[in-house]
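Chain by chain, the residues run as shown.
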Amino acid sequence: KHPAHRFERSFRAMSRLADVVPALFPALASFAIISSVAGTGGTVALVRAILARLRKAAVDIGEASPHVVRSLSRRLSRELIAFASEDEHWARRAFLQPRCLAGGVFALVLLRLCARARGALVASLSLMKPPDEELDEDLKERLLTSVQRPPWGAGLPQAPLSGIWRPYLFSLKEAHENLSEIHAMLGITARPKEKMTMEQITEGVRRVLLFKYVQLLQVTDLYWSQEQAECIARALADDCGLGGNDERGGLEECVTQGLPTSVPWKAPAWLQLSQRVSIAALRPIFLHLWGWTSRYIETPCGMMHVYDSMPEAKGATALPPLLVQHGMFVTGWSMALLARLLTRSGRRVILPDYFDFDNSLSISDPSLTGGRPARRVADRLQCLVTVVQDILGSGAAEVDLVGHSFGGYMVARLASQCDRLGLPVRKVVLLGPGGPVIDLSHNPSVSRFLNDPMGEIEANKPRWLPAAPLKAVARSALGVLLSPNNCNTLLGLEYSEYLGSRDFGSKHPTLLLWGDKDEVAKPRKAEPLGRCLKACFPHIDAYWVKGGGHNIQIDSVLTVARAMEAWLDHGGCDAESTTSLADVLLLPTRTELRGMELPANNAEDQSTSTEVLRSRL
């Protein structure tokens, strides 16, 4: 009786019916044409004739072989035509009203198109990775360790030095940024970060240490003690100008760490099904309407799927090929609209699918990965290097790289790796990138909700509003955001792999476009962000996209595509306006760019900035 169950049963029934539609085509075609001129009474008579013939044949269409169904369909078609031709009135109506006959032919063509669309949909679904059902074993063990082990250990063998906090906390960030991260991580809404007690800051230090070094708890009891954490907290407070703060208490204002025990959340079956069908339905558009090619490249982790706009292009072309990499929790479809706009100038665009994302067309080979999914950044980087080698192997002299969100972080790493391997990369474009340039926890209310969603709904909903519908919506949203695969992908990353990576950056000319309303990959404060960008990308042009959210490749796609084309072609973002049909349809995605304020160039600073940054790590 549940709506989701009815939806699933209906979908299965339609699938079984679609299986026999091609075999029944002759009979369905005859019925479509004849019924178009038969009127209501004639159509009822036709249906009765069909049912009588099926009872006489005693064939179960759902179970019979296609050959038997096709034979029955041909016989039924001949009988329908004979049945209709016996009535002169019907024949005269068909002769006098050719528009009715045209309607029948249209219905016939539509039926054939539906059958082909269904075949393409089934083919796409068969290639897609099914959703994960459970967390990876190593992630399960880490999460259990974080809640089962005592909060305080016997102490680190080498105690923290007085006044030193950077090696233990978020090393790439300034003191005030670390204090903000702690304030949000603790979910403190009752007081500002400057008014936190020393006991609260110490608890925040413990949670940061746990986030960065949870593996230490799995192998030893010699991890941080309360006294050592307080020593680090005092050093941080002194750097933030909060020296002399000896206020105690306030732990009851901190949210309980419920996230490790509550994940993963399961999305409703109807929501998972609708996601899969929607993504699968896009594939025929890419292949048949846009003319892209779906192909696989052999990598160290298995066969990696890519969409290629011009795989037949050989030798040097006027424009370097462009590798466009999607972000986390999605697949190549999320970059398809931007990629389509970039191909209009004749540029070859390649969209790889990461391995082992839900609904991805790239599924790792367990025999090559040691029986585990290919989720490590090093694995993904190695596979993307193979894709670059494949592009260059087709005759291209050099390649441009574009990435969004996690993909932006990856293409920055990829550019540096290609330099080390001698693979020619020309330019790099980052769209709202992840990594060391973002704030991890920037909103205490979000932290409270993620750790105790149902409790927060009960505590903050209006008194007149029932909690049940809000909780149902929250469960569905959390089932998408914190699905097993998303948890495996994001929570499975170690701090040094992503947020604290030493290899983030590139010496290539780099364009950064970032939505000024991005609340997912939220950028750091302007001053430390500018210093970090200049240290990691000495040759960077950076712009805010006015009104853009996290997915600027969708909500601001026209502006992003024009800016990218102009910058890739001649180094500036001042693009000429065009009036094509696509531009008119996408006019709501047109917005403005505003330059970021970055530190002034200094030759000596540029030569030492990266070394200084890494020495802090």
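Residues numbered from 1 in each chain as written. Predicted model: local features only at pLDDT ≥ 70, side-chain atom pairs only at ≥ 80, totals over all residues. Heavy atoms only, no water.

Draft legend 1. Spatial organisation of the overall build of the protein chain. Scanning the protein chain from terminus to terminus reveals 24 helices and nine strands. In the protein chain, buried positions account for 49% of the 617 residues. In the protein chain, the proportion of contacts linking residues at least 24 apart, taken out of those at least 6 apart, comes to 80%. Approximately 29,400 Å² of the protein chain is accessible, and the part contributed by carbon and sulfur atoms is 58%. (Helix = DSSP H or I, 4+ residues; strand = E, 2+ residues; numbered from the N terminus. Buried < 20%, exposed > 50% of the residue type's maximum accessible area, 1.4 Å probe, protein only. Contact = heavy atoms within 4.5 Å. Areas by Shrake-Rupley, 256 points an atom, 1.4 Å probe, with all protein chains shown as cover.)

Draft legend 2. Focus on the side chain of N451. Mapped onto the secondary structure, N451 falls in helix α16 (residues 444-451). Judged by its relative accessible area of 16%, N451 falls in the buried class. Of the polar contacts made by the side chain of N451, one reaches the backbone nitrogen of G258; its length is 3.1 Å. N451 has contacts with V255, T256, Q257, G258 and L259, leaving out every residue within four places of it along the chain. (Polar contact = N/O pair within 3.5 Å; in protein donor to acceptor, adjacent residues only side chain to side chain.)

Draft legend 3. Geometry of the nonpolar core. Core analysis: the biggest nonpolar cluster contains 85 residues, and V205, V388, L401 and F406 have the highest contact counts within it. For V388, the residues in contact, after removing those within four places along its chain, are L323, V399, L401, L414, C418 and L423. Formed by 35 residues, the second largest nonpolar core is a distinct cluster that contains I279, L361, V545 and A563. (Core = buried A, V, L, I, M, F, W, Y, C linked by side-chain atoms within 4.5 Å.)

Draft legend 4. Summary view of the packing of aromatic side chains. Under the criterion given, the structure shown has 17 aromatic pairs. Ring centres of F211 and Y495 lie 6.3 Å apart, and the angle between their planes is 75°; on these two criteria the pair is classed as edge-to-face. Taken as a pair, F211 in helix α8 (residues 198-217) and Y495 in the loop between α19 (484-490) and β7 (510-515) lie far apart in primary sequence, 284 residues in all. Among the residues examined, F211 registers a relative accessible area of 35% and is labelled partly exposed. An aromatic cluster is built from Y354, F357, F406, Y409, Y498, F504 and F537, whose rings are joined through pairwise contacts. Geometry around Y354 places R380 over its ring, the cationic atom sitting 5.3 Å from the centre. Stacked on the ring of W567, the Lys or Arg K427 has its end atom at 4.7 Å from the ring centre. (Phe/Tyr/Trp six-rings, centres within 6.5 Å; stacked < 30°, edge-to-face > 60°. Lys NZ or Arg CZ within 6 Å of the ring centre and 35° of its normal.)

Draft legend 5. Representation of a nonpolar patch on the surface. A cluster of nonpolar residues, L127, Y296 and M303, forms a patch on the protein surface that exposes about 250 Å² of accessible area. Looking at the element boundaries, M303 is found in strand β2 (residues 302-308). You can call M303 partly exposed: its relative accessible area is 40%. (Patch = residues over 30% accessible without salt bridge, like charges linked within 9 Å, V, L, I, M, F, W, Y side chains within 5 Å. Salt bridge = Lys/Arg side-chain N within 4 Å of Asp/Glu carboxyl O.)

Draft legend 6. Summary view of unusual backbone geometry. Following V263, the chain continues to P264 via a peptide bond in cis, the omega torsion being 0°. At D356, a position not held by glycine, the phi torsion is positive, near 65°. Mapped onto the elements, D356 comes out in the loop between β4 (349-352) and α13 (366-369). Positive phi, normally seen in glycine, also occurs at N359, with a value near 70°. With respect to the element layout, N359 can be found in the loop between β4 and α13. A relative accessible area of 9% places N359 in the buried class.

Draft legend 7. Looking closely at helix α7 (residues 175-185). The buried fraction of α7 is high, at nine of 11 residues. When α7 is considered as a whole, its buried residues turn out to be A175, E177, N178, L179, E181, I182, H183, A184 and M185. Buried-residue contacts for α7 involve α8, α9 (226-239), α16 and α20 (526-536). Backbone geometry just after α7 places G187 at a positive phi near 65°.

Draft legend 8. Focus on the packing of α8 against α9. Following both chains from N to C, one finds α8 and α9 inclined at 110°, their axes separated by 8 Å at the closest point. Between α8 and α9, the interaxial angle falls into the category roughly perpendicular. On α9, the residues touching M198, I201, T202, V205 and L209 of α8 are Q226, A229, E230, I232, A233, R234 and A237. (Axes fitted to C-alpha atoms, helices over the stretch in contact; angles between N-to-C directions. Parallel < 35°, antiparallel > 145°, perpendicular 65-115°, else oblique.)

Draft legend 9. Spotlight on the pattern of salt bridges. For the coordinates displayed, the defined rule picks out 33 salt bridges. K140 serves as the salt-bridge partner of E134, at 4.0 Å between the closest nitrogen and oxygen. Overall, the relative accessible area of 29% leaves K140 in the partly exposed class. Here E230 ties to R248 by a salt bridge, and the two come within 3.4 Å at their closest N and O atoms. Note that E230 is positioned in helix α9 and R248 in the loop between α9 and α10 (259-262), a separation of 18 residues in sequence. Relative accessible area serves as the criterion here: at 42%, R248 is assigned to the partly exposed category.

Draft legend 10. How the structure looks around the sheet that holds strand β5 (residues 399-404). Spatial strand order, β1-β2-β4-β3-β5-β6-β7-β8-β9: nine strands in an open sheet with mixed pairing. With one partner strand each, in any of the chains shown, β1 (293-299) and β9 (593-595) form the two edges of the open sheet. When the angles between neighbouring strand axes are averaged without regard to direction, this sheet yields 25°. Running at roughly 160° to strand β6 (residues 425-431), helix α22 (residues 557-570) makes contact with β3 (322-325), β5, β6, β7, β8 (540-545) and β9 of the sheet. (Pairing = 2+ DSSP bridges.)

Draft legend 11. Here's a closer look at the pairing of β5. Of all the six residues making up β5, six are buried; the element is thus mostly covered by neighbouring parts of the structure. Residues V399, L401 and G403 line one face of β5 and the alternating positions D400, V402 and H404 line the opposite face, and both faces are buried. Looking at chain direction, β5 and β6 are connected through five bridges and run parallel. Following the sheet pairing, V402 is matched in β6 by V429. Chirality of the crossover, the property in question, places the unit of β5, helix α15 (residues 406-421) and β6 among those that are right-handed. (Right-handed = clockwise from strand over helix to strand, strands pointing away.)

Draft legend 12. Summary view of helix α14 (residues 377-393). The terminal C-alpha atoms of α14 lie 24 Å apart, and with 17 residues this matches the ideal 24 Å at 1.5 Å per residue to within 8%. Of all 17 residues making up α14, 12 are buried, and the element is well covered by its neighbours. Where α14 is concerned, the buried positions are V377, D379, R380, L381, C383, L384, V385, T386, V387, V388, I391 and L392. Note on α14: the residue one or two positions beyond its end, G395, has a positive phi of about 115°. (Expected span 1.5 Å × (residues − 1).)

Draft legend 13. Structural view of the environment of D239. Following the sequence through the fold, D239 ends up in helix α9. Distance in space between the C-alpha atoms of D239 and H176 is 8.0 Å, their sequence separation being 63 residues. Aside from chain neighbours lying at most four places away, what touches D239 is W165 and A175.

Draft legend 14. A look at the packing of α16 against helix α17 (residues 453-460). Between α16 and α17, the least distance of the axes is 5 Å, while the angle of their chain directions is 120°. When the axis of α16 is compared with that of α17, the two are oblique. Side by side, α16 and α17 meet where R448, F449, L450 and N451 of the first sit next to P453, E456 and I457 of the second. Grouping the amino acids of the contact of α16 with α17 by side-chain chemistry returns four nonpolar, one polar and two charged. (Nonpolar A, V, L, I, M, F, W, Y, C, P; charged D, E, K, R; others polar.)

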